[in-house]
Amino acid sequence: MNNGLMIKERLYQYNCCTDDRCCICDSDTESQDHLFGECHYSKQILRLIEQWCGFRILVSFSHPRTGRSAGAWLKHIVHSLIWTAYYYYVWNQRNNARINFQLLKPGAVAEMIKEDVRRKLRRNREKKYTRVDNTWLQKWGVAIVL
Ligand SMILES: [Zn+2]
């Protein structure tokens, strides 16, 4: 796993900061795995999102595949949208904590992620959604007009 995020684990290796502690919880090394998968703050956000969408969010830095069952592609799309938004908003909050010493509550971040996913799904309205797709979309609060 290697991308350009300026996480403290890396900054510390290059002597760019005085410690490598997580900006959010201060209880572990701020690695990418910690920030997006192990940090209690991120875990709370993930739990709220999973309660909303009804499936597990796989924390992975490649696009996940979620099976071939009915509605699988939609689930795959929604999973990707959730993951992208999650990654963006957690990183955003990490920077907010580092720079402004402020942090939104996990529930507020989860709401922003949901709204982001809904907005992107609504933008895809012209796509042909099946009845199964629509059942999912209604569950996610995205009413599609056929
Ligand atoms: Zn942490």
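Conventions and cut-offs
- Residues numbered from 1 in each chain as written.
- Predicted model: local features only at pLDDT ≥ 70, side-chain atom pairs only at ≥ 80, totals over all residues.
- Heavy atoms only, no water.
- Helix = DSSP H or I, 4+ residues; strand = E, 2+ residues; numbered from the N terminus.
- Contact = heavy atoms within 4.5 Å.
- Donors = N, O, S within 2.8 Å, 3.2 Å for Na, K, Ca; no water.
- Tetrahedral: all angles 85-135°; square planar, octahedral: opposite > 155°, others 65-115°.
- Buried < 20%, exposed > 50% of the residue type's maximum accessible area, 1.4 Å probe, protein only.
- Phe/Tyr/Trp six-rings, centres within 6.5 Å; stacked < 30°, edge-to-face > 60°.
- pLDDT = per-residue confidence, 0-100.
- Axes fitted to C-alpha atoms, helices over the stretch in contact; angles between N-to-C directions.
- Parallel < 35°, antiparallel > 145°, perpendicular 65-115°, else oblique.
- Left-handed = near helix turned anticlockwise from the far one by under 90°.
- Nonpolar A, V, L, I, M, F, W, Y, C, P; charged D, E, K, R; others polar.
- Core = buried A, V, L, I, M, F, W, Y, C linked by side-chain atoms within 4.5 Å.

1. Quick word on the environment of C53
On the secondary structure map, C53 appears in helix α3 (residues 40-53). Not counting chain neighbours up to four residues away, the residues in contact with C53 comprise I82, W136, K139 and W140.

2. Here's the deal with the coordination of the zinc ion
C22 (SG), C25 (SG), H34 (NE2) and C39 (SG) make up the full set of protein donors to the zinc ion, lying at 2.1 to 2.4 Å. Geometry at the zinc ion is tetrahedral, judged from the four donor atoms that bind it and their angles of 101 to 117 degrees at the metal. Ordering the donors of the zinc ion by residue number gives the pattern C-x2-C-x8-H-x4-C. When sorted by exposure, H34 lands in the same class as C39, which is buried.

3. Section: the packing of aromatic side chains
Per the counting criterion, the structure on display carries four aromatic pairs. Ring centres of W83 and Y87 lie 4.9 Å apart, and the angle between their planes is 25 degrees; on these two criteria the pair is classed as stacked. You can see W83 and its partner Y87 sitting in helix α4 (residues 72-100), four residues apart, about one turn around the helix. Exposure class is identical for W83 and Y87. Each is buried. Look at Y88 and Y89: their rings are 5.0 Å apart centre to centre, the planes differ by 85 degrees, and that puts the pair in the edge-to-face class.

4. A few points about the confidence of the model for the protein
Mean pLDDT over the protein works out to 84, with 84% of the residues at or above the 70 mark. Predicted confidence in the protein is weakest over helix α6 (residues 131-139), with a mean pLDDT of 79, and strongest over α3, with 94.

5. Topic: the packing of α3 against α4
For the pair α3 and α4, interaxial distance at closest approach is 11 Å and the crossing angle is 150 degrees. The angle between the axes of α3 and α4 places the two elements in the roughly antiparallel class. Of the two elements, α3 crosses α4, and the hand of that crossing is right-handed. Across the interface between the two elements, Y41, S42, I45, L46, I49, W52 and C53 of α3 pack against I82, Y86, V90 and Q93 of α4. Looking at the contact of α3 with α4 residue by residue, the class counts come to nine nonpolar, two polar and no charged.

6. Comments concerning the nonpolar core
In this structure, I113 and W140 are the most contacted members of the largest nonpolar core, which totals 37 residues. For this core, the secondary-structure elements that each account for two or more residues are α2 (32-38), α3, α4 and α5 (106-123). The element best represented in this core is α4, accounting for twelve residues. When neighbours within four sequence positions are excluded, I113 is seen to be in contact with I45, I49, I82, A85, Y86 and Y89.

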